[in-house]
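Remarks on the overall topology
Read off the chains here:
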Amino acid sequence: MAVITNETWERPLLSLAQEAWQAVTPAQKANTADAEALQQAYDHCEAITAFHSRSFHMASSLLEPDQRQAARALYAFCRTTDDIVDDHAGDASNLLQTWRERALTWHPPHHDLVAFAWADARAQHDIPQRYAEQLIDGVARDMAQNRYETFEDLTTYCYGVASTVGLMSMHIIGYKDEEAVRYAIKLGVALQLTNILRDVAEDWQRGRLYLPLNELKEFGLSEADIEAGVVDDRWRAFMKFQIARARQIYEEAWPGIQMLDSSGRMAITAAATFYRAILNDIEAHDYDVFSRRAHVSKWGKLRRLPAIWWASKRGS
């Protein structure tokens, strides 16, 4: 089997991040004269986060209050973008363009709660706008492409829909130097790979297959096997390979957490730990991601918090 070195897929992603870094536009302070309306907007983003992602909601609760608000506004922005593409098949392109304009303006109307909170979060934390544009472009890719031939191709998609989130989160939390960018990219790729392995069945129902086609072929698998939900020795070997690579990327991303400001390290450690534990759950259920959705229970998350706290302090 061909070995894909990190340099093969990392370099293009670093170039994308550098492009965003250099395209910084001066932030304009959002219209926050109505403090009550702004708080209502942030509360709405908190509700979206709590409903759609218990893991992110719990992890973000470990942030300082202003960081927590901004992180949940970021999640709501991402969620809204994703839902437009997933839930409005016929009119998604037009709706996404309209949302792009609203989500990237510095002065959205107060009644557009997600855009209003997101504009304030971007301004307060100097989040490069190009990262948000890259995320929208990444999500939009689902309207034009639903197969990926190689892992290298897939990581470009992972950058657009996940690494950009990590890079924007980095600005919310604070960081020591630009070297943190490399690690944020890797963590985003690892998180998205975890999503992909967990959601094979759900994505297939949407007409999408994110697993690298050349690797499926190398393990003797076909799209017919995915459709049938086959769990045999071929599938187990394929999933073991995918999980091992995802874990390796988590390990390579881990030092970047210590480059974040101390106030946010535990939250990012928690997010990474909760997601990484999904891989354990997939293994524990014999790699069957077709008949059940892998997850980590609330107790499973809570019992990990002491180790998460220690790891965030020790950098291990």
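Residues numbered from 1 in each chain as written. Predicted model: local features only at pLDDT ≥ 70, side-chain atom pairs only at ≥ 80, totals over all residues. Heavy atoms only, no water.

1. With respect to the pattern of salt bridges
The criterion, for reference: For this document, the term salt bridge refers to a Lys or Arg side-chain nitrogen within 4 Å of an Asp or Glu carboxyl oxygen. The numbering of helices and of strands both runs from the N terminus, where a helix is a DSSP run of H or I of at least 4 residues and a strand a run of E of at least 2. Throughout this description, buried means an accessible area under 20% of the type-specific maximum (1.4 Å probe, protein chains only), exposed means over 50%, and partly exposed covers the range between.
Tallied over the full model, the rule gives 25 salt bridges. In this structure, Asp199 engages Arg293 in a salt bridge whose closest nitrogen and oxygen atoms are separated by 3.4 Å. Here Asp199, found in the loop between helix 9 (180–198) and helix 10 (200–205), pairs with Arg293, found in the loop between helix 14 (262–284) and helix 15 (298–302); they are 94 residues apart in sequence, far enough to count as distant. Asp199 sits in the buried class, given a relative accessible area of 9%. Arg293 gets classed as partly exposed once you look at its relative accessible area, which sits at 46%.

2. Overview of the state of the cysteines
Two cysteines form a disulfide when their sulfur atoms are joined by a covalent bond. Note the following rule: Cysteine sulfur atoms are paired as a disulfide whenever they fall within 2.5 Å.
Applying the stated criterion across every chain, the model contains 0 disulfides. A disulfide-free cysteine, Cys45 has its sulfur positioned 11 Å from the sulfur of Cys78, the nearest such atom. Residue Cys78 is classed as buried on the basis of its relative accessible area, which comes to 14%.

3. Structural notes on the packing of aromatic side chains
Which entries qualify depends on this criterion: Pairing of aromatic rings covers Phe, Tyr and Trp, the last through its six-membered ring, and needs centres within 6.5 Å; plane angles under 30 degrees mean stacked, over 60 mean edge-to-face, and all others mean tilted. Whether a charge lies above a ring is judged from NZ of Lys or CZ of Arg, which has to be within 6 Å of the ring centre and within 35 degrees of the ring normal.
Scanning all chains against the criterion turns up 11 aromatic pairs. Each ring, one from Phe77 and one from Trp118, has its centre 4.8 Å from the other, and the planes form 10 degrees; the classification is stacked. Residue Phe77 is located in helix 4 (residues 65–87), and its partner Trp118 is located in helix 6 (residues 113–125); the two are separated by 41 residues in the primary sequence. The exposure classification of Phe77 matches that of Trp118, with both residues buried. Considering the side-chain rings of Phe219 and Phe241, the 5.8 Å spacing of their centres and the 40 degrees angle between planes classify their relative orientation as tilted. Placement of Phe219 in the loop between helix 11 (213–218) and helix 12 (223–228) and of Phe241 in helix 13 (residues 233–253) is noted, with a sequence separation of 22 residues between them. A residue is classified by how much of its surface remains accessible, and Phe241, at 26% relative accessible area, is partly exposed. A network of ring pairs unites the aromatic residues Phe219, Trp235, Phe238, Phe241 and Phe290 as a single cluster. Directly above the ring of Trp106 sits Arg122, whose terminal nitrogen or CZ lies 4.3 Å from the centroid. The lysine or arginine in question, Arg245, covers the ring of Phe151, its NZ or CZ lying 3.7 Å from the ring centre.

4. Side note on the confidence of the model for the chain
In low-pLDDT segments, the atomic positions of the prediction should not be examined closely. The line we're drawing: Per-residue confidence from the predictor is reported as pLDDT, which spans 0 to 100.
Per-residue confidence for the chain gives a mean pLDDT of 90; residues scoring 70 or more make up 91%. Here helix 16 (residues 305–314) stands out as the element of the chain with the lowest mean pLDDT, 69, in contrast to helix 11, whose mean of 98 is the highest.

5. Notes on the packing of helix 2 (residues 35–52) against helix 4
Rules: Comment: axis = line fitted to C-alpha atoms, over the contacting stretch for helices; angle = value between 0 and 180 degrees taken between N-to-C directions. When the near helix sits turned anticlockwise from the far one by under a right angle, the crossing is termed left-handed; a clockwise turn instead gives a right-handed crossing. The criterion used for residue contact is that any of the two residues' heavy atoms lie within 4.5 Å. Gly counts as polar in this scheme, as do all residues outside two lists: the nonpolar Ala, Val, Leu, Ile, Met, Phe, Trp, Tyr, Cys and Pro, and the charged Asp, Glu, Lys and Arg.
Two elements in contact, helix 2 and helix 4, have axes separated by 8 Å at closest approach and are oriented at 65 degrees. Between helix 2 and helix 4 lies a crossing whose hand is left-handed. Packed against helix 2, whose contacting residues are Gln39, Tyr42, Cys45, Glu46, Ile48, Thr49 and His52, the element helix 4 presents Gln69, Ala70, Arg72, Ala73, Tyr75, Ala76, Arg79 and Asp83 at the interface. Residues that form the contact of helix 2 with helix 4 fall into these classes: 7 nonpolar, 4 polar and 4 charged.

6. Examining empty space enclosed by the protein
How we decide: Grid spacing is 1 Å over the protein atoms alone, the probe is 1.4 Å, and a cavity is where that probe fits but cannot get out, while a pocket is an open set with protein on both sides within 12 Å along at least five of seven lines and lining residues have an atom within 4 Å of a point. Grid points are joined across faces, edges and corners, and a volume is the space filled by probe spheres set on the points.
Tallying each qualifying case throughout the model produces 1 cavity of 30 Å³ or more. The space that makes up the largest cavity amounts to roughly 40 Å³. Lining the largest cavity, in full, are Phe151, Leu154, Leu193, Ile196, Leu197, Tyr210, Leu211, Pro212, Gln242 and Arg245. Of all elements in the fold, only helix 8 (151–173), helix 9 and helix 13 reach the threshold of two or more residues within the lining of the largest cavity. Per element, the largest residue contribution to the lining of the largest cavity is 3 residues, and it comes from helix 9. The residue makeup of the lining of the largest cavity, split by class, is 8 nonpolar, 1 polar and 1 charged.

7. Structural notes on the environment of Glu283
Short version of the rule: We define a polar contact as two N or O atoms separated by no more than 3.5 Å, with the added condition that, inside protein, one atom must be a possible hydrogen donor and the other a possible acceptor, whereas residues neighbouring each other in sequence contribute only through side-chain atom pairs.
Within the secondary structure layout, Glu283 lies in helix 14. Along the sequence, Glu283 and Ile243 sit 40 residues apart, while their C-alpha atoms lie 8.8 Å from each other. When residues no more than four places from it in sequence are discounted, the contact partners of Glu283 are Ile243 and Arg247. Among the polar contacts made by the side chain of Glu283, one reaches the side chain of Arg247 at a distance of 2.7 Å.

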